[in-house]
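A closer look at the structure
Chain by chain, the residues:
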Amino acid sequence: MQLDHRAQTLLKALVERYIADGQPVGSRALSKISGLELSPATIRNIMADLEEMGFVASPHTSAGRVPTPRGYRLFVDTLLTVQQLDEGAVGAGNMRLPMQQPQKIIANAAQMLSSLTQFAGVVQSPRRESVFQQIEFLRLGEKRILLVIVDPRGDVQNRLLLTDVDYSPAQLTQSANYLNQNFAGLSFDQVRARLTGELQQLRDDMGRLMQAAVEAGSEAMAEGDDMVIAGERNLLSVTDLSSNMSSLRQMFEMFEQKTGLMQLLDVSSKAGGVQIFIGGESHLVPMDEMSVVTAPYAVDGRVVGTLGVIGPTRMAYERVIPIVDITAKLLSNALSHS
């Protein structure tokens, strides 16, 4: 829905004032801060129209108005003036990610997002490629086998297989050799598809062992996805998020379960650039009073994860957005050269 210039100007002024002080904004205040030479009656009429369209709401306890999730969305999509941060100056100042082990770099990035915004910073660990370079089977006892998976980077994953058949060491070696010679360097999904047609040519027992190895290997690689969260305690001091027990419970359930947050980060990784998820309009954000600002990061030009800031809907988006954007670029650079 298109708003005329006056309505856009008043909505922008209202959102900015509400973000700054958290109090409902009245017509008198808007007449002073908007820069528009309008009568109080005209401003009241425009605000009534904005309320009818769902961009602002009137709290019962005040004559002023506050932005709704729809109002925030219009603000961040079309009215927001993002601060320009100099990437070189920022990189040389407080925003630095020294070359370290990848997991340490990721933890530092989450902490940096938190300390710069005073909200919670989150970084999704790089997704592990579901590709194996080598597989080995080790017989641990009757019907108990240790599956050893080595990925192209040399990382090792182990899984215990409980089988219906007691395989001999020779059978285990034969199965491992078959998988390594025919499928090394492929993803487990590709192996699963190719095995489906080839297993008919193999003995049933051997085929079942290979199928079990592929399923266990695929699960092992998927479990590599995780996230690092820093600064959750900062959100306890944000009145909008901690004003009642229901809000606190929702917030900490999100951090404990992580499933919804991981889904949100996965969605963000498929889109380019900074994404803003506003509570009340995005089913991925569990609370009306919460927003998440995210950006994907890459290693050697390939997107491998997402990072972001979790904070109140009433956040200074013009400042948080460039912080998230530049941190994603710094993390991409640090991991590509680590």
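Residues numbered from 1 in each chain as written. Predicted model: local features only at pLDDT ≥ 70, side-chain atom pairs only at ≥ 80, totals over all residues. Heavy atoms only, no water.

**What about the pairing of strand 4 (residues 134–141)?**
The condition is simple: When DSSP finds two or more bridges between two strands, those strands count as paired. Strands here are runs of E lasting at least two residues and helices are runs of H or I lasting at least four, both read from the DSSP assignment and numbered beginning at the N terminus.
When strand 4 meets strand 5 (residues 144–150), the two strands line up antiparallel, connected through seven bridges. Bridge pairing links G141 to R144 in strand 5. Following strand 4, the chain reverses through two residues before pairing antiparallel with strand 5; K143 in that reversal takes a positive phi of roughly 60°.

**Notes on the packing of helix 6 (residues 102–117) against helix 13 (residues 317–336)**
To keep things clear, this is the line we draw: With axes taken as lines fitted to C-alpha atoms, and helix axes fitted only over the stretch in contact, angles between N-to-C directions fall between 0 and 180 degrees. By definition in this entry, angles of less than 35 degrees are roughly parallel, angles greater than 145 are roughly antiparallel, angles of 65 to 115 are roughly perpendicular, and the rest are oblique. Should the near helix be turned anticlockwise from the far one by less than a right angle, the crossing is termed left-handed; should it be turned clockwise, right-handed. Any two residues whose heavy atoms approach within 4.5 Å at even a single point are treated as in contact. Ten residue types, Ala, Val, Leu, Ile, Met, Phe, Trp, Tyr, Cys and Pro, are classed as nonpolar, four, Asp, Glu, Lys and Arg, as charged, and the remainder, Gly among them, as polar.
For the pair helix 6 and helix 13, interaxial distance at closest approach is 10 Å and the crossing angle is 165°. As the angle between them shows, helix 6 and helix 13 are arranged roughly antiparallel. Like other packed secondary-structure pairs, helix 6 and helix 13 cross with a definite hand, here right-handed. Contact with helix 6, carried on its side by P102, I105, I106, A109, M112, L113, L116 and T117, involves R319, V320, I323, V324, T327, L330, L331, A334 and L335 of helix 13 and no other residues of that element. Its residues assigned to classes, the contact of helix 6 with helix 13 shows 14 nonpolar, two polar and one charged.

**Brief notes about the nonpolar core**
Heads up, the rule is: Only buried residues count toward a nonpolar core, which is a set of Ala, Val, Leu, Ile, Met, Phe, Trp, Tyr and Cys residues joined through side-chain atoms within 4.5 Å. To sort residues, take the accessible area from a 1.4 Å probe on protein chains only and compare it with the maximum for the residue type: under 20% means buried, over 50% means exposed, and anything in between is partly exposed.
Core analysis: the biggest nonpolar cluster contains 79 residues, and L11, L50, V123, Y297, I310, Y317 and L331 have the highest contact counts within it. When residues of this core are assigned to their parent elements, the largest contribution, eleven residues, is made by helix 13. If you look at the next biggest cluster of nonpolar residues, it comprises 23 residues, including I145, I149, V214 and A220.

**Here we look at the pattern of salt bridges**
What counts is decided by this rule: By salt bridge we mean one thing: a side-chain nitrogen of Lys or Arg within 4 Å of a carboxyl oxygen of Asp or Glu.
Taken as a whole and assessed by the stated rule, the structure comprises eight salt bridges. Among the ionic pairs, D77 bridges to R73, the shortest N-O distance being 3.0 Å. With D77 and R73 both in helix 4 (residues 69–79) and four residues apart, the pair spans about one turn of that helix. Among the salt bridges present, the one from D166 reaches R139, with a minimum N-O distance of 2.8 Å. In this pair, D166 is assigned in the loop between strand 6 (156–162) and helix 7 (169–183) and R139 in strand 4, connecting sequence segments 27 residues apart. Judged by its relative accessible area of 39%, R139 falls in the partly exposed class. Connected through shared salt-bridge partners, R73, D77 and E281 make up one network.

**What about the environment of D226?**
Mapped onto the elements, D226 comes out in the loop between helix 9 (204–222) and strand 7 (227–230). Using a relative accessible area of 38% as the deciding quantity, one classes D226 as partly exposed. A sequence separation of 36 residues divides D226 from M262, and the C-alpha atoms of the two residues are 8.0 Å apart. Setting aside residues up to four positions removed in sequence, D226 forms contacts with V123, Q124, S125, K258 and M262.

**Things to note about the sheet that holds strand 3 (residues 120–124)**
Taken in spatial order, the five strands line up as 7-3-10-9-8 in an open sheet, and their pairing is antiparallel. Each edge of the open sheet is held by one strand with a lone partner, namely strand 7 and strand 8 (275–278). Looking at each pair of strands side by side, their axes are set apart by 20° on average, direction ignored. As judged from the four bridges shared by strand 3 and strand 7, these two strands associate in the antiparallel manner. Its bridge partner being in strand 7, V122 is matched across the sheet by I229. Its contacts with the sheet put helix 12 (residues 259–269) on strand 3, strand 7, strand 8, strand 9 (290–299) and strand 10 (302–312), and the angle it makes with strand 9 is roughly 55°.

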